[in-house]
Amino acid sequence: MLNIKNLHVAIEGKEIIRGLNLEVKAGEVHAIMGPNGTGKSTLAAVVAGKEGYDVTQGEVLYHHKDLLEMATEERALEGIFLGFQYPVEIPGVSMTNFMRTALNEQRKYRGLDPIPPGEFLERMEKAKKLVDIHDKLTNRSVNEGFSGGEKKRNEIFQMAMLEPTLAILDETDSGLDIDALKVVAHGVNMLKSKDNATIVITHYQRLLEYIIPDFVHVLFDGKIVKSGGKELAIELEEKGYEWLKAEAV
Amino acid sequence: MLLITFAGLFKILPNKSEEITMSDDKNNILDEVTQGEYKYGFFTDIEMETAPKGLDEGTIRFISEKKKEPEWMLDFRLKAFERWKTMKEPNWAHLNIPPIDYQNIIYYAAPKKKPQLDSLDDVDPELLETFNKLGISLDEQKRLTGVAVDAVFDSVSVKTTFQDTLKKHGIVFCSFSEAVQNHPDLVKKYMGSVVPAGDNYFAALNSAVFSDGSFCYIPPGVRCPVELSTYFRINSAGTGQFERTLIVADEGAYVSYLEGCTAPMRDENQLHAAVVEIVALKDAEVKYSTVQNWYPGDKNGKGGVYNFVTKRGMCKGNQSKISWTQVETGSAITWKYPSCVLLGDNSIGEFYSVAVTNNHQQADTGSKMTHIGKNTKSTIISKGISAGFSNNSYRGLVKIARRAENSRNFSQCDSLLLGDKCGAHTFPYIDTGNSSSIVEHEATTSKISDDQLFYCLQRGIDTEKAIGLIVNGYAKEVLKQLPMEFAVEAQKLLAVSLEGSVG
């Protein structure tokens with residue numbers, strides 16, 4: 001589904017990602033771990049198509065198509081979803097209206113008519129239940145006045161609404177208490193299928209107790225320095241990242 | 001159309017209809033956003049009877065005679081003309097107004113045949129076609145929206161509907177000319193009582209040469225059962241448009257009045273200097289809503305309408321209320337300050353505004369709240385949106401007289417900038433004559449952030465639609481003041497007028 005080969009990314013001339021390789025197949029959950037400032041969020045931003053990142057080398061294929069050639073919204077319409085680390089507020093635009101617009105754009109892209117109101121409501125109800133979000137949140141403006149935890153739950157709510165093929169969750173666990181963490185993890189697990197894939201970016205092993213990854217990768221200094229199964233996360237939790245620095249060199 | 005959608009949904013989803021309907025509308029609106037060309041840029045070829053170019057006493061006598069006006073009306077015009085000749089164009093606004101040759105303007109144009117008012121069949125088919133192109137056909141209005149329409153087509157009213165319903169309640173809603181003929185006492189009593197003929201340069205010009213407009217009188221204790229609506233169009237090359245509107249709500253009366261404009265595309269500049277006067281007597285309430293979309297000129301700032309309007313309401317009686325809501329997307333130059341004089345004790349004045357400028361448009365708009373009565377309250381919510389090379393200024397005056405004890409004003413003036421070539425300016429003036437009153441002013445300036453855009457794009461919403469969403473969200477506080485069908489039109493206009501402004 002996603003195939004990243006020898007990716008090099010620079011921001012304002014400074015190289016952040018230096019030769020990253022990653023392959024994600026349908027049905028898989030990948031966790032990307034690593035200390036701060038190693039390029040985790042940069043990777044998410046490049047795949048999603050945020051401006052301001054220069055890909056200096058390498059390629060990213062998504063369903064065998066050149067992802068880097070696609071416009072940001074086209075990537076989203078092709079099924080790539082980014083769960084934001086810091087979701088932005090859009091005053092005056094209700095969550096309901098926002099989701100309806102997004103969903104109908106997706107349907108238009110696929111040659112479908114706008115979603116009938118009844119179906120839309122049903123989908124909303126289901127998604128709300130999944131992440132335990134209340135009506136008052138969906139009637140509010142996008143992320144406006146949401147607590148940190150509500151914002152993160154709201155990201156998973158949107159994921160449930162848009163049913164992406166590839167979801168990248170950028171530090172979705174940061175700032176969450178254990179209950180909220182369970183809710184978010186439950187949401188992600190319920191949305192998992194053999195046809196979609198999830199990349200979970202996190203710095204703590206904690207989230208991975210609830211979202212069980214098939215693969216764990218350690219990103220260090222812009223490269224994946226170690227990959228393994230879920231047991232790697234546990235090892236990291238015990239030993240920290242220091243011991244990997246040696247391997248990175 | 002809209003009402004049908006609403007009703008249909010209401011049946012299926014009794015508890016959720018409102019939110020869904022709004023989203024539906026918004027999506028429809030967004031779907032309709034297509035090209036950047038001015039959509040209403042067409043004009044209809046109807047035979048006109050016009051006055052010769054230029055302005056002198058003869059022109060005024062010609063207009064007055066054409067309209068078979070009584071002597072007192074002609075006197076009013078001539079006195080205004082004398083005043084006007086001694087006045088100068090105001091130059092204090094933050095506007096760059098090219099010189100206007102007042103002798104090169106045609107001051108009167110009227111469709112030659114005035115159709116009968118009995119049925120739509122009697123209306124000139126070309127006129128109906130024009131309304132159809134605008135999507136506001138009288139037919140549709142009549143059947144679906146329950147709005148009584150007094151359609152002003154190039155200065156002369158050609159169609160008035162719903163008169164029967166209104167008559168039952170004793171409501172007068174007619175063209176200004178008809179009011180002069182049929183209700184001379186009311187017109188004489190209130191015309192010029194809020195905006196005196198010599199109030200300002202453009203008001204004086206209007207008082208001298210106004211062609212027609214609307215008149216509305218709501219008798220004591222009557223709540224007008226329908227929203228009264230007037231559609232204006234400028235439709236004749238080189239014809240200045242001088243509308244005059246007078247609305248009087250007698251004691252305990254209520255009326256909601258809608259004004260909407262679209263104008264055909266033109267190369268030459270068109271001058272529009274309207275006067276709107278509102279009088280609210282004791283316990284009366286008037287809500288006046290405008291969606292204004294005069295031709296703004298092309299992308300290079302060529303052409304476009306000059307909109308120099310004097311709008312003022314007088315809360316004459318105690319506990320009266322006047323509320324202005326405007327959505328301004330059009331005109332090359334806008335000079336407009338809907339205001340309230342709060343004369344009665346406990347009276348309330350409100351001003352809600354969204355003003356959009358794009359390309360080379362200029363707008364200097366705001367409000368004036370004059371508190372004279374005790375315990376009077378006013379609210380000003382102004383949302384400016386500037387894009388392209390445009391300049392958008394808010395200018396407001398809150399004046400609290402010494403005797404206006406315990407009065408309150410709250411003003412909020414927000415500016416949203418799209419791009420870095422446009423300007424937003426705020427000129428708030430406050431003048432407080434006593435110490436028991438409270439005046440609050442809040443102002444913000446913001447830009448649509450890259451993060452907001454990225455968030456929308458990441459959800460599959462393209463840049464144009466994202467801007468439509470964000471801008472409509474920003475203006476929501478004002479838009480929600482508009483009646484439903486008007487709000488939809490306003491949202492459309494906001495999205496359309498900002499097309500191509502980013503990226």
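Here, every reference points to the structure presented above.
Cut-offs used in this document
Residues numbered from 1 in each chain as written. Chains lettered and ligands numbered in written order. Predicted model: local features only at pLDDT ≥ 70, side-chain atom pairs only at ≥ 80, totals over all residues. Heavy atoms only, no water. Helix = DSSP H or I, 4+ residues; strand = E, 2+ residues; numbered from the N terminus. Contact = heavy atoms within 4.5 Å. Polar contact = N/O pair within 3.5 Å; in protein donor to acceptor, adjacent residues only side chain to side chain. Pairing = 2+ DSSP bridges. Axes fitted to C-alpha atoms, helices over the stretch in contact; angles between N-to-C directions. Core = buried A, V, L, I, M, F, W, Y, C linked by side-chain atoms within 4.5 Å. Buried < 20%, exposed > 50% of the residue type's maximum accessible area, 1.4 Å probe, protein only. Buried area = accessible area lost by both parts, 1.4 Å probe. Salt bridge = Lys/Arg side-chain N within 4 Å of Asp/Glu carboxyl O. Nonpolar A, V, L, I, M, F, W, Y, C, P; charged D, E, K, R; others polar. Expected span 1.5 Å × (residues − 1). Phe/Tyr/Trp six-rings, centres within 6.5 Å; stacked < 30°, edge-to-face > 60°. Lys NZ or Arg CZ within 6 Å of the ring centre and 35° of its normal.

Asker: Even after reading the chapter, I still don't get the environment of Ser331(B), so can you show me in this structure?
Answerer: All names here are of chain B. Within the secondary structure, Ser331 sits in the loop between strand E14 (321-328) and strand E15 (333-336). With 109 residues separating them along the chain, Ser331 and Glu440 place their C-alpha atoms 31 Å apart. The residues contacting Ser331, other than those within four sequence positions of it, are Gln292, Trp294, Tyr295, Pro296, Val305, Asn307 and Gln361. Of the polar contacts made by the side chain of Ser331, one reaches the side chain of Gln292; its length is 3.2 Å.

Asker: Even after reading the chapter, I still don't get the sheet that holds strand E11 (residues 215-220) of chain A, so can you show me in this structure?
Answerer: Within a sheet, adjacent strands bond to each other through the backbone by hydrogen bonds, running parallel or antiparallel. All names here are of chain A. Spatially, E6-E9-E10-E3-E11-E12 is the arrangement adopted by the six strands of the open sheet, whose pairing is mixed. Looking at which strands have only one partner, the edges of the open sheet turn out to be strand E6 (80-83) and strand E12 (223-228). On average, each strand axis in the sheet is inclined to that of its neighbour by 20 degrees, with strand direction left out of account. Of the strand pairs in this sheet, strand E3 (residues 29-33) and strand E10 (residues 197-201) are connected by four bridges, and their pairing is parallel. Across the sheet, His30 pairs through a bridge with Ile199, a residue of E10. Most of the contacts of helix H6 (residues 148-162) go to E6, to which it runs at about 165 degrees, and overall it touches E6 and strand E9 (166-170).

Asker: I tried to follow the nonpolar core on my own but got confused; where do I start?
Answerer: If you look at soluble globular proteins, the nonpolar side chains tend to sit buried side by side. Of all hydrophobic cores here, the largest spans 110 residues; its most connected members are Phe98(A) and Leu166(A). Leave out the neighbours within four places in its chain, and Leu166(A) touches Met1(A), Leu2(A), Val24(A), Tyr62(A), Gly79(A), Ile80(A), Phe81(A), Ala197(A) and Ile199(A). Of all hydrophobic cores here, the second largest spans 57 residues; its members include Phe76(B), Leu95(B), Val172(B) and Val341(B).

Asker: Explain the pairing of E12(A) here, please?
Answerer: When a strand is regular, its side chains alternate between the sheet's two faces. Residues and elements named next belong to chain A. When E11 meets E12, the two strands line up antiparallel, connected through five bridges. Bridging across to E12, Val216 finds its partner in Gly228. Between the end of E11 and the start of E12, which pair antiparallel, lie two residues, with Asp221 showing a positive phi angle near 55 degrees.

Asker: Is there a simple way to explain unusual backbone geometry in this structure?
Answerer: Excluding glycine, a negative phi dihedral is what most residues carry, and trans is how most peptide bonds are arranged. All names here are of chain A. For Asp132, which is not glycine, the phi torsion reads 55 degrees and is therefore positive. Position of Asp132 relative to the elements: it lies in the loop between helix H4 (117-131) and helix H5 (135-139). Taking relative accessible area as the criterion, Asp132 reaches 42% and is therefore assigned partly exposed.

Asker: Got a minute to help me understand the interface of chain B and chain A in this structure?
Answerer: A common way to express how large an interface is: the accessible area buried when the components associate. Taken together, the contact between chain B and chain A spans 28 residues of the former and 40 residues of the latter. For the pair chain B and chain A, the summed buried surface comes to about 2,900 Å²; carbon and sulfur atoms form 63% of the total. Considering only the side of chain B, the residues that lose the most area to chain A are Phe454(B), Tyr455(B) and Arg459(B), jointly responsible for 26% of the buried surface there. Seen at the junction of chain B and chain A, the total is three salt bridges. Between Lys465(B) and Glu105(A) there is a salt bridge, with its nearest N and O atoms 3.4 Å apart. For the pair chain B and chain A, the interface holds twelve residue pairs in polar contact (both at pLDDT 80 or more). Contributing elements (two or more residues each) for the side of chain B that touches chain A: helix H2 (17-32), helix H11 (450-458) and helix H12 (463-474) of chain B. When its residues are assigned to classes, the side of chain B that touches chain A shows twelve nonpolar, six polar and ten charged.

Asker: For this particular structure, what's the right way to read helix H4 (residues 71-86) of chain B?
Answerer: It helps to recall that an α-helix has 3.6 residues per turn; residues three or four apart then point in one direction. Residues and elements named next belong to chain B. Helix length check: H4 (16 residues) gives 23 Å between terminal C-alpha atoms against 22 Å at 1.5 Å per residue, within 8%. Residues Trp72, Met73, Leu74, Phe76, Arg77, Leu78, Ala80, Phe81 and Trp84 constitute the buried set of H4. In this structure, the buried side of H4 is in contact with helix H3 (57-66), helix H8 (176-182), helix H9 (184-190), helix H10 (201-209) and strand E8 (243-249).

Asker: Could you clarify how one ought to interpret the packing of aromatic side chains in this entry?
Answerer: Residue and element names in this part refer to chain B. Inspection of every chain in the model, using the stated rule, returns 19 aromatic pairs over all chains. Aromatic pair Trp92 and Tyr337: ring centres 5.7 Å apart, planes at 45 degrees, arrangement tilted. Placement of the pair is Trp92 in the loop between H4 and strand E2 (109-111) and Tyr337 in the loop between E15 and strand E16 (339-342), with a sequence separation of 245 residues. A relative accessible area of 13% means that Tyr337 is categorised as buried. Relative to Phe308, the ring of Tyr306 lies with its centre 5.9 Å away and its plane at 35 degrees, an arrangement referred to as tilted. In this structure, Tyr306 and Phe308 share a single accessibility class: buried. Taken together through their ring pairs, the aromatic side chains of Phe81, Trp84, Trp92, Tyr102, Tyr201, Phe202, Tyr306, Phe308, Trp335 and Tyr337 make up a single cluster. Arg77 extends its terminal NZ or CZ atom over the ring of Phe210, reaching a point 4.1 Å from the ring centre. Across from the ring centre of Phe210, 5.6 Å away, lies the NZ or CZ of Arg244, which sits over that ring.

Asker: I would appreciate a short explanation of the pairing of strand E6 (residues 212-218) of chain B in the present structure.
Answerer: Residues and elements named next belong to chain B. Most of E6 sits out of view: seven of its seven residues are buried. Relative to E6, strand E5 (residues 172-175) runs antiparallel, the two being bridged by four bridges. Counted as the bridge partner of Val172 is Tyr217 from E6. As defined by bridge partners, E6 adjoins E8 across seven bridges and the pair is classed as parallel. What sits directly across from Phe215, in E8, is Leu246.

Asker: Could you clarify how one ought to interpret the pattern of salt bridges in this entry?
Answerer: Note on pairing: side chains with opposite charge can pair once their charged atoms come close. Residue and element names in this part refer to chain A. The tally for this structure, following the rule as stated, stands at 31 salt bridges over all chains. Notably, a salt bridge pairs Glu105 with Lys108, separated by 3.7 Å at the nearest N-O pair. Of the two residues, Glu105 and Lys108 both sit in helix H3 (residues 95-109), three residues apart, roughly one turn of that helix. Overall, Glu105 belongs to the buried group, its relative accessible area being 9%. For Lys108, a relative accessible area of 46% gives the class partly exposed.

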